[in-house]
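Architecture at a glance
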Amino acid sequence: FNGNCVVDNCKISEVFYGVWVGYQGTPGPSNLTISNNVLYHCGQSIVIGDMNADSSITNVTISGNRIDGNGVWYDDADVVHADGIHIQPVNGGTSSVNQLNIYGNDFGPDMGAHCTAEVYLEGDNIKTWKVYNNVFRLSNPTVTNGAIYHKGKTGGLIANNTFVGTQGGGNA
């Protein structure tokens, strides 16, 4: 991926990775849009990660997607985490994701018993991020770290999301 990439209006199901985007280089690619897709029965629906240390990506938009059914990938060994969106600049150095916007997506309710989070932002170098105007349906109270989990530094915005639980327990 070298930049200016759009994944739009696709129906993706019965695969481990629905959309997987790897990036590398500094400065790395810019302008990635993943929008208006239906992702169903995916082990991980949308994954964006650095391919090696000191890589960056700028201006990432994930919007208007319908993500559900990841629970079919349940395994007793907890190998498949069934995340809806997983952003992971984790290979070290200055790897980063800059200007990340996740909005207008519809998650669940069957994300699976081993889902880390419906939106999992992993790593210290996700900068200028916003998660807003999404709908999270939580039928399984074992979403490990809540509907939205940012593992690393603070400094983003979580606003105007709707969380609907159908069972007691769990985390929003």
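In this report, the structure presented in the accompanying data block is examined. Here the structure is a predicted model, which means the values were calculated and not measured. (Residues numbered from 1 in each chain as written. Predicted model: local features only at pLDDT ≥ 70, side-chain atom pairs only at ≥ 80, totals over all residues. Heavy atoms only, no water.)

Some thoughts on the packing of aromatic side chains
The final tally for this structure, using the stated rule, is seven aromatic pairs. Taking the centre distance of 5.1 Å and the plane angle of 15° together, the rings of Tyr-103 and Tyr-132 count as stacked. Note that Tyr-103 is positioned in strand β10 (residues 96–103) and Tyr-132 in strand β13 (residues 126–132), a separation of 29 residues in sequence. Taking relative accessible area as the criterion, Tyr-132 reaches 23% and is therefore assigned partly exposed. Of the aromatic side chains, those joined through ring pairs into one cluster are Phe-16, Tyr-17, Trp-20 and Trp-73. (Phe/Tyr/Trp six-rings, centres within 6.5 Å; stacked < 30°, edge-to-face > 60°. Helix = DSSP H or I, 4+ residues; strand = E, 2+ residues; numbered from the N terminus. Buried < 20%, exposed > 50% of the residue type's maximum accessible area, 1.4 Å probe, protein only.)

Re unusual backbone geometry
Here the bond from Thr-26 into Pro-27 is cis, since omega is 0°, no more than 30 degrees from zero. Cis geometry is found at the peptide bond from Gly-108 to Pro-109, where omega equals 20°. Here Pro-109 lies in the loop between β11 (106–107) and β12 (119–122). Not every positive phi belongs to a glycine, and Asn-9 is a case in point at roughly 60°. By the secondary structure assignment, Asn-9 is in the loop between β1 (5–8) and β2 (11–13). Backbone geometry places Asn-160, a non-glycine residue, at a positive phi of 55°.

Considering the sheet that holds β12
Sheet strands associate in pairs through backbone hydrogen bonding, adopting either a parallel or an antiparallel arrangement. Taken in spatial order, the five strands of this open sheet run β3-β6-β9-β12-β15, and their pairing is parallel. Of all strands in the sheet, those bounded by a partner on one side alone are β3 (17–23) and β15 (148–151). Going from strand to strand, the sheet's axes swing by 5° on average, the running direction of each strand aside. The pairing of β3 with strand β6 (residues 44–50) spans six bridges and is parallel. (Pairing = 2+ DSSP bridges. Axes fitted to C-alpha atoms, helices over the stretch in contact; angles between N-to-C directions.)

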